[in-house]
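So the chains spell out like this:
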Amino acid sequence: MNGAAFNSIIDNNMTDNNFGIYNYGVNNTITANRIANSICSNIYLTGSDNSIYGNYLINGLYSFVAGNRLNNTEIGNYWSYYSGNDTNGDGLGDVPTTHGDQRPLIVDLAVIDATVTPTNIQVILRNNGRANLTRIDPTGQFMVKINCDGNETVHYINALNYGETQTITRPVGLGPGIHVVNITIPYNGTTQLLEDKNIRDACISNNNRTVNRELIPATINYGNPTVTPLNGTEPLNVTVTVEITNIGDFSKDEIVLLVVDGAIVDQKTVEVAGQSTVTVTFSIPLHNGTHSVTVNNMTPVNVTVFKPLRVLSVDPANGTLSVSPTRKIAITFSENILNGTAYDKITVKTSSGVSKKIYKTITGNRLYITPVGGWSPGVRYIITVPRNSVKTVNGVTLTSDFSSSFTSAIAVTYIDPKYGATRVSRTKTIIITFSNSILAGPAYSKITVKTSTGRLKSISKRIIGNRLYIKPVGSWRARTKYIVTVPRTAVKTSTGNMMAADFKSVFTTI
Ligand SMILES: [Ca+2]
Ligand SMILES: [Ca+2]
């Protein structure tokens, strides 16, 4: 290339030539090239106004005429011959090169950080120089020595780009006490060339770091205990946590004890690494009573557990039939109770959802419910006691809504002839109307019509719908008082609901 002008010569690798770049042209940009070991000259420029920056110029001679620019406003080039230092840490040589590059790229390997634990020494290294070592010595390995208590090991890091870091880990087995660790990136004290390299470190003050590290035996502290919840009903599942911190450097297996009422009820063994915290969690069901809960010998916390509130019984029992219209309902609880927040929501409704007016009272562990005006005959009622409608003195409520049902007894709603009727026709059919449709019950045959002196009258009976018809065989005796008796179980509904008591009526014939 000779006389080339206004060209860009970028990212070439020119090694072991007579000339790297030889040109008399002007206004060329020469950047990011690696030019090494040219016999005559790495760069030979006889033209002016060329921009030369970001190149790696290794082992060679150079010739420039005036008017060439050997750096831009940011960087210049890497020159293997350069022996200036970087004392302000900007990654560039502090003084211009022999050829006038104002911002020569330099290499500066530095020990950035070193941590020492009982099991390893970890060292972080970085190239602080703006020169990219992977362009200068792509496969190069750069020596780092780690001396621990006089025992030195040799390590190597790869070629690093500007700002790039690499970590070296040296496994060790250190005991408690003070340890002296010295990390060195070796270099020639005269030339500042890195060990076994023709690459100069432009800042040697960061090539060495000494760490005096005292490794402390494992020391365990317990903290931040939590116990939740602090009260509730049995079985109460209580969660206990504690943070176990090892402020020492050595790992330790710690036995953690869960102590309830002074007795060890559970234990866990946890490994707590040096300088770390482990949270241990226990879970335990607690029963009725107040319990002291703690871990190891920490200050105990009291947890109060109440017995749950339950319904022990309901009278009449769930599903009871033939309940008297004035029957008081008694619900018995496992504990004495008070009005709860939903006390007003205690209801008795028909199966079709119509609310029945009721009175409620609480005595001890019993809730009593009485109907206003009696239970309507032959109706299925559903009692609902919401979870929060009653509570114990400790505020414990039911765990779920309670409900139960019963069916009130069927009843005679009308009788013809009316009770006590006189001058009744001797051929009169007695018609007894019930609240519900009926069938013959177990005591159907015990339905009787007797005279007041106890003489049984022969009758015939039949049922149609909700009516019972009773006819005399022949006719009723004249001027006689008759007593009609329908035993409690003489008739029933299809579900087996019967009357609450025997039914009686009287009439007197004409
Ligand atoms: Ca500098
Ligand atoms: Ca250095």
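Note that the coordinates shown come from a computational prediction; the quantities given were computed from them, not determined experimentally.

We now examine the domain arrangement of the chain. Each assigned domain of the chain is listed here: domain 1 (1–106), domain 2 (109–215), domain 3 (220–298), domain 4 (311–408) and domain 5 (412–509). Each of domain 1 and domain 4 has a C-alpha centre, and these two points are 101 Å apart.

As a further point, take the sheet that holds strand 37 (residues 421–424). Across the sheet, 4 strands lie side by side as 37-45-43-40; this open sheet has mixed pairing. Each edge of the sheet is formed by a strand with only one pairing partner; in this case those strands are strand 37 and strand 40 (448–451). On average, adjacent strands in this sheet sit at an angle of 30 degrees to one another, irrespective of strand direction.

Another point: the sheet that holds strand 6 (residues 41–45). With respect to topology, 3 strands assemble into an open sheet ordered 3-6-9, the strand pairing being parallel. Edge positions in the sheet fall to strand 3 (19–23) and strand 9 (62–63), since each of these pairs with one other strand and no more.

Under the local residue numbering, the UniProt record ascribes the feature "domain: SbsA Ig-like" (unreviewed entry) to residues 308–407 and 408–509. Between the first and last C-alpha atoms of residues 308–407 the distance is 30 Å; the span itself is 0% helix and 46% strand. The span residues 408–509 is 0% helical and 47% strand by assignment, and the distance between its end C-alpha atoms comes to 34 Å.

Attention shifts here to the nonpolar core. Core analysis: the biggest nonpolar cluster contains 56 residues, and V238, V240, V486 and V491 have the highest contact counts within it. At 5 residues, strand 20 (residues 236–246) tops the list of elements feeding residues into this core. Once you skip the residues sitting within four places of it in the chain, V491 turns out to touch F434, I438, L439, A440, G441, Y444, L468, V486 and M498. Counting residues in hydrophobic clusters, the runner-up holds 44 residues, among them L105, V107, V116 and L160.

On to unusual backbone geometry, then. Most of the time, phi is negative for any residue but glycine, and the peptide bond is trans. The omega torsion across E234 and P235 is -10 degrees, close enough to zero to call that bond cis. Backbone torsion omega between D416 and P417 reads 5 degrees, so that peptide bond is classified as cis. With respect to the helices and strands, P417 occurs in the loop between strand 36 (412–416) and strand 37. Here D16, not a glycine, exhibits a phi torsion of approximately 60 degrees, which is positive. Residue position: D16 is located in the loop between strand 2 (13–15) and strand 3. A positive phi angle, near 50 degrees, is found at N296, a position not held by glycine. Judged by C-beta crowding, with 17 C-beta atoms within 10 Å, N296 ranks as partly exposed.

Bringing the pairing of strand 38 (residues 430–434) into the picture now. Only one face of strand 38 is buried: it carries I430, I432 and F434, and the other face, with I431 and T433, is open. Pairing analysis gives 4 bridges linking strand 36 to strand 38, with the strands arranged antiparallel. Looking at the pairing, I415 lines up with I432 of strand 38. Here strand 38 pairs with strand 42 (residues 467–472) via 4 bridges, running antiparallel. Counted as the bridge partner of T433 is R467 from strand 42.

Okay, the environment of F282 next. Checked against the element boundaries, F282 lands in strand 23 (residues 276–286). Between the alpha carbons of F282 and V238 there is a distance of 8.2 Å; along the sequence they are 44 residues apart. Beyond its immediate stretch of four places on either side in the chain, F282 contacts V240, L258 and D266.

On to the environment of K492. Among the secondary structure elements, K492 is positioned in strand 44 (residues 491–492). C-beta crowding within 10 Å serves as the criterion here: with 21 such atoms nearby, K492 is assigned to the buried category. For the pair K492 and G465, spaced 27 residues apart in sequence, the C-alpha to C-alpha distance is 12 Å. Residue contacts for K492: discarding those within four places in its chain leaves I438, L439, G441, N497 and M498.

Here is what the cut-offs are and how they apply
Think of each chain on its own: its residues are numbered from 1, step by step along the sequence as written. Here the convention is simple: chains get letters from A, ligands get numbers from 1, in the order in which they are written. In keeping with the model being predicted, local features are shown solely for residues with a pLDDT of at least 70 and side-chain atom pairs are shown and tallied solely at 80 or more, while totals for entire chains, interfaces and linings include all residues. Each domain's extent was defined by an automatic or database domain assignment. DSSP bridges decide pairing: two strands pair if at least two such bridges lie between them. Helix and strand assignments come from DSSP, with helices taken as H or I runs of at least 4 residues and strands as E runs of at least 2, each series counted from the N terminus. What counts as an axis is a line fitted to C-alpha atoms, over the stretch in contact for a helix, and the angles between N-to-C directions run from 0 to 180 degrees. UniProt positions are given in the numbering used here, feature names are shortened, and annotations may be inferred rather than shown by experiment. What we call a nonpolar core is a set of buried Ala, Val, Leu, Ile, Met, Phe, Trp, Tyr and Cys residues whose membership is set by joining through C-beta atoms within 7 Å. Comment: burial labels come from other C-beta atoms within 10 Å of the residue's own C-beta, placed from the backbone, where a count of 20 or more is buried, 12 or fewer is exposed, and between is partly exposed. Residues are scored as being in contact if the C-beta atoms we place from backbone atoms lie within 7 Å.

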